[in-house]
Amino acid sequence: MFLRVNTTDFDFQVFRGAEHDWLLHLDATASLMGLLSPEAIFNPDSVICDSSSTPFAEQYRSPKSGMVEGLQFLTVAVIWFDIFACVATGRAPRLPYQQWLRIQGLNTADLMGCENWVMLIIGDLAHFSIWKETQEEQGMLSIRELASRGKEIERRLESGIQDLDLARCVGL
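Residues numbered from 1 in each chain as written. Predicted model: local features only at pLDDT ≥ 70, side-chain atom pairs only at ≥ 80, totals over all residues. Heavy atoms only, no water.

Draft legend 1. Broad picture of helix α2 (residues 23–33). When we look at burial in α2, the residues that qualify are Leu23, Leu26, Thr29, Ala30 and Met33. All buried residues of α2 project into a common sector of 130° when viewed along the axis, lining one side. (Buried < 20%, exposed > 50% of the residue type's maximum accessible area, 1.4 Å probe, protein only. Helix = DSSP H or I, 4+ residues; strand = E, 2+ residues; numbered from the N terminus. Arc of directions from axis to C-beta.)

See the structure below:
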């Protein structure tokens, strides 16, 4: 319930034009999501939580409860918000997005229309920007390293675009 309410709150804050009021809610939700196992949420054979400590744990997997689908939805939404928050705030994503976006069954395109590989690149660009800024502040920026890191991100972006073009051609 806390996850749903917090997600709804920062969703509301962002869409009403608040500049930073939503960050507190996003950070709280990301902290809580960090305690869960997305691998378990997207794996039907896994246990999301310890049934010995949660009396209703078996209900999480009940087909009638909708809990798994709800957690899957919230996981994707929170990853999406966490990554796109870096565009507005200039900070790096808080969640381990690189690990989570590689989970079988977790697909940001289904919910938000943006493929996982694009989300990975956006998150990596945020880290790249912060790394560059830190290196400049410390007077240690290597143009060779900057170019190398930037070229790797560019290569992944171009590869993803080629895959999209190929898929579109095959789909015709």
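There's plenty left to go through after this.
Draft legend 2. Structural context of the packing of helix α5 (residues 67–89) against helix α8 (residues 116–137). Where α5 contacts α8, the axes come no closer than 9 Å and their chain directions differ by 45°. Looking at the two axes, α5 sits oblique to α8. For the crossing formed where α5 meets α8, the hand is left-handed. Where α5 approaches α8, its residues Trp80, Ile83, Phe84, Cys86 and Val87 are matched on the opposing element by Met119, Ile122, Gly123 and Ala126. (Axes fitted to C-alpha atoms, helices over the stretch in contact; angles between N-to-C directions. Parallel < 35°, antiparallel > 145°, perpendicular 65-115°, else oblique. Left-handed = near helix turned anticlockwise from the far one by under 90°. Contact = heavy atoms within 4.5 Å.)

Draft legend 3. Just the nonpolar core, in detail. Grouped together as the largest cluster of nonpolar side chains are 27 residues, with contacts concentrated most on Ile79, Ile83, Leu95, Leu101 and Leu106. Sorting the residues of this core by element identifies α2, α5, α6 (97–100) and α8 as the ones contributing at least two each. Once residues within four sequence positions are removed from consideration, isoleucine 79 is found in contact with Leu95, Trp100, Leu101 and Leu106. In terms of nonpolar packing, the next biggest core, distinct from the first, is built from 5 residues, Ile121, Trp131, Leu146 and Ile153 among them. (Core = buried A, V, L, I, M, F, W, Y, C linked by side-chain atoms within 4.5 Å.)

Draft legend 4. How the structure looks around the packing of α2 against α5. One way to put it is that α2 packs onto α5 with a least axis distance of 10 Å and a crossing angle of 135°. The angle between the axes of α2 and α5 places the two elements in the oblique class. In this structure, the crossing between α2 and α5 has a hand that is left-handed. From α2, Leu23, Leu26, Thr29, Ala30 and Met33 reach across to α5, where they touch Thr75, Val78, Phe81, Asp82, Ala85 and Thr89.

The analysis is restricted to geometry; functional conclusions fall outside its scope.
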